[in-house]
Amino acid sequence: MKTVIVKYNAGNVQSVMYAMDRIGASYLYTDDEAEIRSADKVIFPGVGEASTTMNYLRKVGLDKVIPSLKQPVFGTCIGMQLMCRFSEENNTTCMGIFDVDVKRFPATPEMKVPHMGWNNIFDYKSALTAEVADSAYMYFVHSYAAPVCEYTVATCDYVLPFSAMLQKDNFYAAQFHCEISGDSGQKIIENFLKI
Amino acid sequence: MLTKRIIPCLDVKDGRTVKGVNFVNLRDAGDAVELGALYAEQGADELVYLDITATIDGRSTFIDLVRRVAQTINIPFTVGGGISSIADVSALLHAGADKVSINSAAVRNPDLINELSLEFGSQCIVVAIDTRYIETEDGNEHIVHTHGGRKPTEIRSIPWAKEVEDRGAGEILLTSMDTDGTKNGFALELTATISGNANIPVIASGGAGNMDHFYDVFTTGKADAGLAASIFHFREIGIPDLKEYLNGKNLPMRMTK
């Protein structure tokens, strides 16, 4: 099986590669369109700011490649947000795979933004959460989130309920960092590789 | 529900854990990677590795250690100690660290906080504040210290905490030098003031001696995370017991077993 991790100007991809190594899964880290198109699985990870990463994807044409892929694609963190329609982070038009807008967490006196740390996810509706314990804790770091919508396949609660995971056709996404979310996070990556 | 975090801190010199560690079940009690993996297995929510090596050679040893930690554990970890440039941070993040902690360099050059958060994102920039309550010309004040807490600056800790947030820090690691090593509990009032003012998470450090000290710092102290070293290394408190205890007192904890 050929798995590609998409190379672009987002950070923290190294820990995704190490997670793949721990699982014993091979991967290719590339931005080459032909390599991406010929992969069995595509992982679109990363940490970053929406407009900077989206501008880069447009510049290199990946904004057209990713939505047109037919094999299973898994976006995490900023990867997930870029797969949505729009992000309030610097008012960025994203790739529109998921017809939902990413919004900033409303500020409250009690709840800090960013949402940083371990939080539990629930209402599982995805093959990716198979054999993941109910109400499993995942590691989140983000200030923007997609509201619960028709594509939500796992929910998390911070200030308001939001989409912890999205799914539509061959596109899968998680807001949290599977690669550093302990054994539960690792299970989700393994499940994606098994689809 | 977002949980409170329990964070063991490992001081590392030449790739080895230096603060006394006494784990009979480890093949190599001084191996910083193996100890981190054990803490992760026991339910630690994050780890902090502080490099206390002063030499250039030690620096590359530390980067190698960071790489091995990242390859081994599947929870987030922060690295700190002697970081003073974008190049330092880039090397550590590239090796697989999730966050970096800066201290003296931020005091010397506060613009570094802005530069690092723009370059790498706020989420991975932790500013460590070592503070001590000392006499000043204006009466007693909480004053920022550098050089492992030995050297006072002219900076007041409470406004400094706000400033580092405004400059783009993603998290504050607050160590009270007054309580550090005493085992009499965290600096609750100061932690509550700084955490109450902040819209970013605050990790409290210094003074943990028993499980109630953690309860107090998460409630009265309003901390988002509690950090300790020797009480975990000497097995005075087990992480599973601590999390069980706090969970039993209705604090949100990530229970892994």
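Residues numbered from 1 in each chain as written. Chains lettered and ligands numbered in written order. Predicted model: local features only at pLDDT ≥ 70, side-chain atom pairs only at ≥ 80, totals over all residues.

**A closer look at the packing of helix H3 (residues 86-95) of chain B against helix H5 (residues 111-120) of chain B**
Residues and elements named next belong to chain B.
Then comes step 1: The geometry of H3 relative to H5 is characterised by a closest axis approach of 10 Å and an angle of 40° between their N-to-C directions. On the basis of their axis angle, the class for H3 and H5 is oblique. At the point where H3 passes H5, the crossing takes the right-handed sense. Counted together, Ile-86, Val-89 and Leu-93 of H3 and Glu-115, Leu-116, Glu-119 and Phe-120 of H5 form the full contact between these two elements.
Then comes step 2: Classifying every residue of the contact of H3 with H5 by side-chain character gives 5 nonpolar, no polar and 2 charged. (Axes fitted to C-alpha atoms, helices over the stretch in contact; angles between N-to-C directions. Helix = DSSP H or I, 4+ residues; strand = E, 2+ residues; numbered from the N terminus. Parallel < 35°, antiparallel > 145°, perpendicular 65-115°, else oblique. Left-handed = near helix turned anticlockwise from the far one by under 90°. Contact = placed C-beta atoms within 7 Å. Nonpolar A, V, L, I, M, F, W, Y, C, P; charged D, E, K, R; others polar.)

**Brief notes about the environment of Asp-130 of chain B**
Then comes step 1: Mapped onto the elements, Asp-130 of chain B comes out in strand E6 (residues 125-136).
Then comes step 2: C-alpha separation for the pair Asp-130 of chain B and Met-177 of chain B, spaced 47 residues apart in sequence, amounts to 6.5 Å.

**Some words on the sheet that holds strand E9 (residues 137-142) of chain A**
Residues and elements named next belong to chain A.
Then comes step 1: Taken together, the 9 strands give an open sheet; going across it, the order is E2-E1-E3-E4-E13-E12-E11-E8-E9, and neighbouring strands pair in mixed fashion. What marks the edges here is a single partner per strand, and that holds for strand E2 (28-30) and E9. Each neighbouring strand pair of the sheet contributes to a mean axis angle of 30°, computed without reference to strand direction.
Then comes step 2: Where strand E8 (residues 115-122) meets E9, 6 bridges bridge the pair, whose relative direction is antiparallel. Bridge assignment links Asn-119 to a residue of E9, and that residue is Met-138. (Pairing = 2+ DSSP bridges.)

**Overview of the pairing of strand E4 (residues 77-80) of chain B**
Residues and elements named next belong to chain B.
Then comes step 1: Burial of E4 is two-sided: the residues Phe-77 and Val-79 facing one way and the residues Thr-78 and Gly-80 facing the other way are all buried.
Then comes step 2: Judged from the 4 bridges that link them, strand E3 (residues 47-51) and E4 form a sheet pairing that is parallel. Each bridged residue has a counterpart across the sheet, and for Val-48 the counterpart in E4 is Thr-78.
Then comes step 3: In this structure, E4 lies alongside strand E5 (residues 99-102), joined through 3 bridges in parallel fashion. Across the sheet, the residue bridging to Thr-78 is Lys-99, located in E5. (Buried ≥ 20, exposed ≤ 12 C-beta atoms within 10 Å, placed from the backbone.)

**A few points about the packing of helix H6 (residues 157-166) of chain B against helix H7 (residues 188-197) of chain B**
Each pair of packed helices can be summarised by the angle the axes make with each other and by the distance between the axes.
Residues and elements named next belong to chain B.
Then comes step 1: Closest axis-to-axis distance for the H6/H7 pair is 10 Å, and the angle between their directions is 30°. With respect to H7, the axis of H6 lies roughly parallel. You can see that H6 and H7 cross each other, and the crossing is right-handed. Along its contact with H6, which presents Ile-158, Ala-161 and Lys-162, the element H7 presents Thr-193, Ile-194 and Asn-197.
Then comes step 2: Looking at the contact of H6 with H7, its residues break down into 3 nonpolar, 2 polar and 1 charged.

**Describing the sheet that holds strand E5 (residues 84-87) of chain A**
Strand pairing within a sheet occurs via backbone hydrogen bonds; the two strands may be parallel or antiparallel.
Residue and element names in this part refer to chain A.
Then comes step 1: Sheet architecture is open: 4 strands sit in the order E6-E5-E7-E10, paired in mixed fashion. Of all strands in the sheet, those with a lone pairing partner are strand E6 (92-93) and strand E10 (144-145), marking the two edges.
Then comes step 2: Where strand E7 (residues 98-104) lies against E10, 2 bridges are found, and the strand directions are antiparallel. Bridge assignment links Arg-104 to a residue of E10, and that residue is Tyr-144.

**With respect to the confidence of the model for chain B**
Residue and element names in this part refer to chain B.
Then comes step 1: Taken as a whole, chain B shows an average pLDDT of 91; of its residues, 93% reach a score of 70 or greater.
Then comes step 2: Predicted confidence for residues 20-27 stays below pLDDT 50, and this span has 19 contacts to residues more than four positions away or in other chains.
Then comes step 3: Among the prediction metrics, the complex's ipTM stands at 0.92, with pTM recorded as 0.94. (pLDDT = per-residue confidence, 0-100.)

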